[in-house]
Amino acid sequence: MAKINPYYKNLTREYIFPIIDEKLATLKKSVPQNEIINLGIGDIALPLAPSLARAIKNGVEEMTTAQGQHGYGPSEGYAFLRETICQQEYARYGLTPQEIFISDGTNSDATNLPEIFDPSSVVAIPDPSYPAYLDASVMAGKRIVLLPCLEENRFSPKPPAERVDLVYLCTPSNPTGQALNRQELTEWVDWAKKNQAMLLIDNVYNCFITSKEVPASVYEIPGAQEVAIEMRSFSKCAGFTGLRCAYAVVPKALPGVHALWVRRVNAKSNGVAYPIQRGAEAYYSLEGTKETRAQIATYQKASSILRIGLQKLGHTIYGGIDAPYIWWKTPNKLPSWDFFDQLIQRCHLIAIPGRGFGKPGEGYMRLSCFTTPEKAAEALYRIENRL
Ligand code: PLP
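No experiment lies behind these values; they were computed from the predicted model shown. (Residues numbered from 1 in each chain as written. Predicted model: local features only at pLDDT ≥ 70, side-chain atom pairs only at ≥ 80, totals over all residues. Heavy atoms only, no water.)

J.: Mind laying out empty space enclosed by the protein, listing which residues take part and the relevant values?
T.: Going through the model one piece at a time under the given rule, you end up with 3 cavities of 30 Å³ or more. Surrounding the largest cavity, 16 residues form its lining, Cys149, Phe155, Pro157, Cys170 and Ser173 being those nearest its centre. Estimated volume of the second largest cavity: approximately 50 Å³. Every residue along the wall of the second largest cavity is listed here: Glu89, Asn206, Arg232, Ser233, Phe234, Cys237, Tyr247, Tyr283 and Tyr284. Of all the secondary structure elements, the ones that give two or more residues to the lining of the second largest cavity are strand E7 (228-233) and helix H7 (234-237). Of the residues in the lining of the second largest cavity, the class split is 5 nonpolar, 2 polar and 2 charged. (1 Å grid on protein atoms, 1.4 Å probe; cavity = no way out; pocket = protein on both sides within 12 Å on 5 of 7 lines; lining within 4 Å. Points joined across faces, edges and corners; volume = space filled by probe spheres on them. Helix = DSSP H or I, 4+ residues; strand = E, 2+ residues; numbered from the N terminus. Nonpolar A, V, L, I, M, F, W, Y, C, P; charged D, E, K, R; others polar.)

And the structure:
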């Protein structure tokens, strides 16, 4: 009989979203739909930018013509998109289009990349973190070292004392909303070089960075190309969560890694849909840049309303400056789930209990700023008057 993967039995952490959905469904039965404000799941809240939608439609139209017919595309992504991303984002660091790999999402890249490293690799993961890193590492039977992100260390993970091979770093971070500054990222790059470790940098919130001391890319740090793979996505920056397009930068300077990733992608992927890649390309057009920047500015406005407002009310909060998430310390050290219940019952407001992202998240709530400034202001009003 076919045996199941025994490591799946080790997936012990509760998956919080179904629990939240259930609580939300109960709430919906008792209050009108428009009364509920959802600052929970970090999904986009604004419609697709018109110029990106047009590029996708044009891509589909093109495929209805004999000359524009597209079957399977290149596994690594179409040259037009790899070249555009390189020109706009990475040529300044000396990287080439061949080092950029288009995929259906950073979720896939972050969980697939460890496959090309030795199965016995030890993986370091910030705690709390985006849940996919831990779940995928558990499924693969990896030995895992957690890197605590605490108030005392500004929620910034520090290199571990013990030997690890792969390190996930999420900057700007989901869920804490904090980002690694130049000095912290330099420490990581230097440590990785010294310890022959590989950094897997999840940089999907790069377009939300506003602080000067936060590097836009790990490749701003000298020597990073020898130790770091960077992952970015169109999901949050271009409103593509429902369309699926992202990329990983795998530098040729990583000994042996680039060739293996080419091999892996060719074997296991048939690429991303042509019209979607055309839509992603349009993100870099003049119009696309203008429209998507306006959307990001909307989320940033919502973020500053919540951030400044909560601080004025005397709450302790972190993040929200370089990321669309606010890490809110629960009042009076209330457990995350108790505070979640208070927010939902009294304010009809959904946020995510920090506990769901890892043990050190206990005592925190994650507020997503993917909302409108109006809804952010209403949420704040309710927190002030009903909590
Ligand atoms: N990485 C982080 C840190 C995220 O927060 C998310 C989505 O919320 C993802 C990756 C998923 O990205 P994608 O939609 O490109 O799979």
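After that view of the structure, there is still more to cover.
J.: Please provide a residue-by-residue account of the packing of aromatic side chains, values included.
T.: Applying the stated criterion across every chain, the model contains 25 aromatic pairs. With 5.2 Å between their ring centres and 85 degrees between their planes, Tyr205 and Tyr325 make a pair best called edge-to-face. Of this pair, Tyr205 sits in the loop between strand E6 (198-202) and E7 while Tyr325 is found in strand E10 (residues 325-329), placing the two residues 120 residues apart along the sequence. The exposure class assigned to Tyr205 is buried, which follows from its relative accessible area of 3%. Residue class for Tyr325 comes out buried when judged on its relative accessible area of 1%. Each residue in the set Tyr90, Tyr93, Tyr219, Phe234, Phe240, Tyr247, Tyr283 and Tyr284 is aromatic and connected to the rest through ring pairs, giving one cluster. Stacked on the ring of Phe101, the Lys or Arg Arg82 has its end atom at 5.3 Å from the ring centre. Directly above the ring of Phe80 sits Arg278, whose terminal nitrogen or CZ lies 3.6 Å from the centroid. (Phe/Tyr/Trp six-rings, centres within 6.5 Å; stacked < 30°, edge-to-face > 60°. Buried < 20%, exposed > 50% of the residue type's maximum accessible area, 1.4 Å probe, protein only. Lys NZ or Arg CZ within 6 Å of the ring centre and 35° of its normal.)

J.: Account for the site of the ligand, naming residues and giving values.
T.: Around the ligand, the surrounding shell holds 14 residues, and the nearest of these are Asp202, Tyr205, Ser233, Ser235 and Arg244. Lys236 places a side-chain nitrogen or oxygen 2.8 Å from an oxygen atom of the ligand. Here an oxygen atom of the ligand sits 2.7 Å away from a polar atom, N or O, in the side chain of Arg244. In the complex, the protein chains occlude 91% of the 400 Å² of accessible area that the ligand would expose alone. The pocket occupied by the ligand, as judged from atoms lying within 2 Å of grid points, is the largest pocket. (Near = heavy atom within 4 Å. Polar contact = N/O pair within 3.5 Å; in protein donor to acceptor, adjacent residues only side chain to side chain. Areas by Shrake-Rupley, 256 points an atom, 1.4 Å probe, with all protein chains shown as cover. Sits in = over half its atoms within 2 Å of the grid points.)

J.: A description of the nonpolar core should follow, citing residues and the corresponding values.
T.: One finds Leu199 and Phe234 to be the most contacted residues of the largest nonpolar core, which totals 59 residues. Membership of the second largest hydrophobic core comes to 37 residues, among which are Trp327, Leu343, Ile350 and Cys369. (Core = buried A, V, L, I, M, F, W, Y, C linked by side-chain atoms within 4.5 Å.)

J.: Can you explain the environment of Gly94? Please cite residues and give values.
T.: Mapping Gly94 onto the fold places it in the loop between helix H3 (79-90) and strand E2 (100-103). Residue Gly94 is classed as exposed on the basis of its relative accessible area, which comes to 53%. Placed 20 residues apart in sequence, Gly94 and Pro74 show a C-alpha to C-alpha distance of 23 Å.

J.: Run through the sheet that holds strand E13 (residues 364-368), naming residues and quoting values.
T.: In space, the 4 strands of this open sheet follow the order E9-E10-E13-E12, with antiparallel pairing throughout. The open sheet has two edge strands with one neighbour each: strand E9 (317-319) and strand E12 (352-353). Examined bridge by bridge, E12 and E13 share 2 bridges and lie antiparallel to one another. Bridging across to E13, Pro353 finds its partner in Met365. Sheet strands touched by helix H11 (residues 336-347): E10, E12 and E13. Its angle to E13, the strand with the most contacts, is close to 50 degrees. (Pairing = 2+ DSSP bridges. Contact = heavy atoms within 4.5 Å. Axes fitted to C-alpha atoms, helices over the stretch in contact; angles between N-to-C directions.)

J.: Talk me through the pattern of salt bridges; I want residue IDs and the actual numbers.
T.: Under the definition given, this model contains 16 salt bridges. The shortest N-O distance in the salt bridge between Glu89 and Arg232 comes to 2.8 Å. Of this pair, Glu89 sits in helix H3 while Arg232 sits in strand E7, placing them 143 residues apart in sequence. For Glu89, a relative accessible area of 15% corresponds to the buried category. Across the pair Lys268 and Glu115 runs a salt bridge, and its minimum N-O distance is 2.9 Å. With Lys268 in helix H8 (residues 257-268) and Glu115 in the loop between helix H4 (106-112) and strand E3 (122-127), this residue pair connects regions lying 153 residues apart in the sequence. (Salt bridge = Lys/Arg side-chain N within 4 Å of Asp/Glu carboxyl O.)

J.: Which residues make up the layout of surface pockets, and what values go with them?
T.: The method is simple in principle: a probe with the dimensions of a water molecule rolls over the atoms, and the space it marks as empty is what remains. Roughly 630 Å³ of internal volume is contained in the largest pocket. Asn107, Tyr130, Asn174, Tyr205 and Lys236 are, among the 28 residues lining the largest pocket, the residues nearest its centre. Of all the secondary structure elements, the ones that give two or more residues to the lining of the largest pocket are H4, helix H5 (131-139) and H7. Here the lining of the largest pocket takes 5 residues from H5, the largest share from any one element. When its residues are assigned to classes, the lining of the largest pocket shows 13 nonpolar, 9 polar and 6 charged.

J.: Describe the state of the cysteines, naming the residues involved and giving the relevant values.
T.: In a disulfide, the sulfur atoms of two cysteines are covalently bonded to one another. Summed over all chains, the structure comprises 1 disulfide. Residue Cys207 pairs covalently with Cys237 via a disulfide, S to S 2.1 Å. With the S-S bond torsion at -90 degrees, the cross-link from Cys207 to Cys237 turns out left-handed. Of the two residues, Cys207 is situated in the loop between E6 and E7 and Cys237 in helix H7; the sequence distance between them amounts to 30 residues. You can call Cys207 buried: its relative accessible area is 19%. (Disulfide = S-S within 2.5 Å.)

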